Amino acid sequence: MMIFWTLTGALALAVSAAIGAALMRGRVGDAPPAAYDIGVYRDQLREVERDQARGVLTEAEAGRVRTEVSRRILAADAQLQRGGETGGQPPVAGRIVFALATLALVGGSLALYSRIGAPGYPDLPREARLAASDEARSARLSQAEAEARALPAPAQPEPAPEFAELMDKLRAAMQENPDDPRGLQLLARNEAMLGNTSAAIAAQSRLIEVSGPAARADDYAFLADLMVTAANGYVSAEAETTLRTALERDPGNQTARYYLGLYLAQVDRPDAAFRLWDGLLKDSPADAPWVPLIRDALPELASMAGVKYQLPPPGDTAGPSAADVKAAGAMSAADRMEMIRGMVAGLSDRLANEGGTAEEWAQLISAYGVLGETERAKAIWGEAQEVFATRPEDLETVRAGAIRAGVAQ
């Protein structure tokens, strides 16, 4: 720290000294400006003689130039004889300007560094930051450890007697038939609503186990939601695995994208968290519960990632709003399909013009596969392979969407 301030102070003083020397020296030292002008004019007369000798100027042209330069020499000599100007920078003014320049340079630099600098903070090259992130990932707490360190959950109000009675019956029924998927789903949701997060995690985990390969992305995303809630917002190693499994089944799953972005922020990867949440904000309806949270976090994540970013106005998202979804339910099948095609086309145009995340590319390819436009999905998959050629992890995410669309293996 002392070496840094010594070097910066020495540099500031050296620059100030150079500026001060120029200011104090002035233009021509102690000689008046007229004497300097006379020297210049005499050089011009010698140059005229050389130009005439080379044939550049005719005798008449050279005579006119000599006459004009001689007139200027006489005027300068007359000014020199009268005295008056002393030449150079006035000593007092030079000292004042020197003092102001030094104050502005040194003081301004310190003021600027105090605002945007980080005194005492060591260098963090990219390799070191990535290594620190990898270390944070490997040292991630397990779900049990995270829950053990979490603060106790606030007390929940007592449920209504009728609801409590129904929950007792549901729990008893599940003891008799512990592998009923519908019963497990109801048990997990209602235990979560009562604040019994551990019981909800157990029921949801059992539901995924019973469902096997048929378990949906939403099932895994809900389990991860419960796990993060039980750990007071900490995304454990098991929760990360659950989130990635959800995204393997559906790269567009918004709940999983939100929590995976939270995980990336917690393991010091603001660049990846920014990309994920920026795409999520564009895809989310304005009333999604995570929208206010990621809107608050995105500017800081962008700054940490070194990205120039302008937060879009509230409500300016690409995803359908709750009103859009409600209106779609009242449409005919043909109108609903037309609306879906319009939304897919809008996503395609945005990716072509502005780019987007790997999840968005996967979502687009998968959507064209669902719409039966296999050739279009194949063309976009080919383009995506060029876009993400240097980013293997993102390319695998896009590949998952291409596999769902039937255009990749």
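These remarks concern the structure in this document. (Residues numbered from 1 in each chain as written. Predicted model: local features only at pLDDT ≥ 70, side-chain atom pairs only at ≥ 80, totals over all residues. Heavy atoms only, no water.)

**A word on the overall build of the protein chain**
For the protein chain, the count of helices and strands is 19 helices and zero strands. Residue burial in the protein chain is summarised as follows: out of 409 residues, 32% are buried. Of the contacts made within the protein chain by residues no fewer than 6 positions apart, 61% connect residues no fewer than 24 positions apart. Accessible area for the protein chain stands at about 24,300 Å²; split by element, carbon and sulfur atoms hold 58% of it. (Helix = DSSP H or I, 4+ residues; strand = E, 2+ residues; numbered from the N terminus. Buried < 20%, exposed > 50% of the residue type's maximum accessible area, 1.4 Å probe, protein only. Contact = heavy atoms within 4.5 Å. Areas by Shrake-Rupley, 256 points an atom, 1.4 Å probe, with all protein chains shown as cover.)

**Observations regarding the packing of aromatic side chains**
In the structure shown here, the tally under the stated rule is four aromatic pairs. Considering the side-chain rings of W361 and F388, the 5.9 Å spacing of their centres and the 85° angle between planes classify their relative orientation as edge-to-face. Taken together, the residues span a long stretch of sequence, with W361 in helix α17 (residues 358-370) and F388 in the loop between α18 (374-387) and α19 (392-405) at a distance of 27 residues. Residue classification places W361 among the buried residues on the basis of a relative accessible area of 5%. Three or more aromatic residues link up through ring pairs in this structure, and these residues are Y258, Y259 and W277. Taking the ring centre of Y234 as reference, the NZ or CZ of R140 above it sits at 4.0 Å. Above the plane of the ring of F222 lies R189, whose end atom (NZ or CZ) is 3.7 Å from the centre. (Phe/Tyr/Trp six-rings, centres within 6.5 Å; stacked < 30°, edge-to-face > 60°. Lys NZ or Arg CZ within 6 Å of the ring centre and 35° of its normal.)

**Here we look at the environment of S303**
Along the chain, the position of S303 falls in helix α14 (residues 291-305). C-alpha separation for the pair S303 and F274, spaced 29 residues apart in sequence, amounts to 9.6 Å.

**A few points about the side chain of D51**
Here D51 lies in helix α2 (residues 33-54). In contact with D51, other than residues within four places in its own chain, are V56 and L57.

**Quick word on the pattern of salt bridges**
A complete count under the given rule lists 19 salt bridges for this structure. Put simply, E396 and R399 hold a salt bridge, and the shortest N to O gap is 3.3 Å. Remark: R399 and E396 occur in helix α19; sequence separation between them is three residues, near one turn of the helix. Several salt bridges converge on common partners, so that one network encompasses E68, R71 and R72. (Salt bridge = Lys/Arg side-chain N within 4 Å of Asp/Glu carboxyl O.)

**Side note on the packing of α17 against α18**
Their axes nearest at 8 Å, the elements α17 and α18 cross at an angle of 160°. Compared by their axis directions, α17 and α18 come out roughly antiparallel. The chirality of how α17 crosses α18 is left-handed. Every residue of α18 that contacts α17 at W361, L364, I365, Y368 and G369 is listed here: T374, R376, A377, I380, W381, E383, A384 and V387. Here the contact of α17 with α18 is composed, by residue class, of nine nonpolar, two polar and two charged. (Axes fitted to C-alpha atoms, helices over the stretch in contact; angles between N-to-C directions. Parallel < 35°, antiparallel > 145°, perpendicular 65-115°, else oblique. Left-handed = near helix turned anticlockwise from the far one by under 90°. Nonpolar A, V, L, I, M, F, W, Y, C, P; charged D, E, K, R; others polar.)

**As for unusual backbone geometry**
For residues other than glycine, phi is negative in most cases, and the peptide bonds are mostly trans. One non-glycine residue, N232, lies in the positive phi region at around 55°. If you trace the backbone, N232 turns up in the loop between α10 (217-230) and α11 (237-249). What makes N232 partly exposed here is its relative accessible area of 44%. Here the phi dihedral of D268 falls at roughly 65°; this positive angle occurs in a residue that is not glycine. By secondary structure assignment, the location of D268 is in the loop between α12 (254-266) and α13 (270-283).

**Describing the environment of T242**
Tracing the backbone through its elements, the reader meets T242 in helix α11. Separated by 25 residues in the primary sequence, T242 and A217 have C-alpha atoms spaced 9.5 Å apart. Here T242 is in contact with Y220, L223, A224 and M227, once residues within four sequence places are set aside.

**As for the nonpolar core**
Within the largest apolar cluster, 49 residues are counted, with the highest numbers of intra-cluster contacts made by V235, L243, Y258, W277, W290 and I294. Looking at this core, the elements that each hand over two or more residues are α7 (161-176), α8 (181-193), α9 (197-211), α10, α11, α12, α13 and α14. Ranked by residues supplied to this core, first place goes to α10 with nine residues. Apart from residues no more than four positions distant in its own chain, L243 is found in contact with A224, V235, A256, Y259 and L260. A377, W381, V398 and A405 belong to the second largest nonpolar core, which has 21 residues in total. (Core = buried A, V, L, I, M, F, W, Y, C linked by side-chain atoms within 4.5 Å.)

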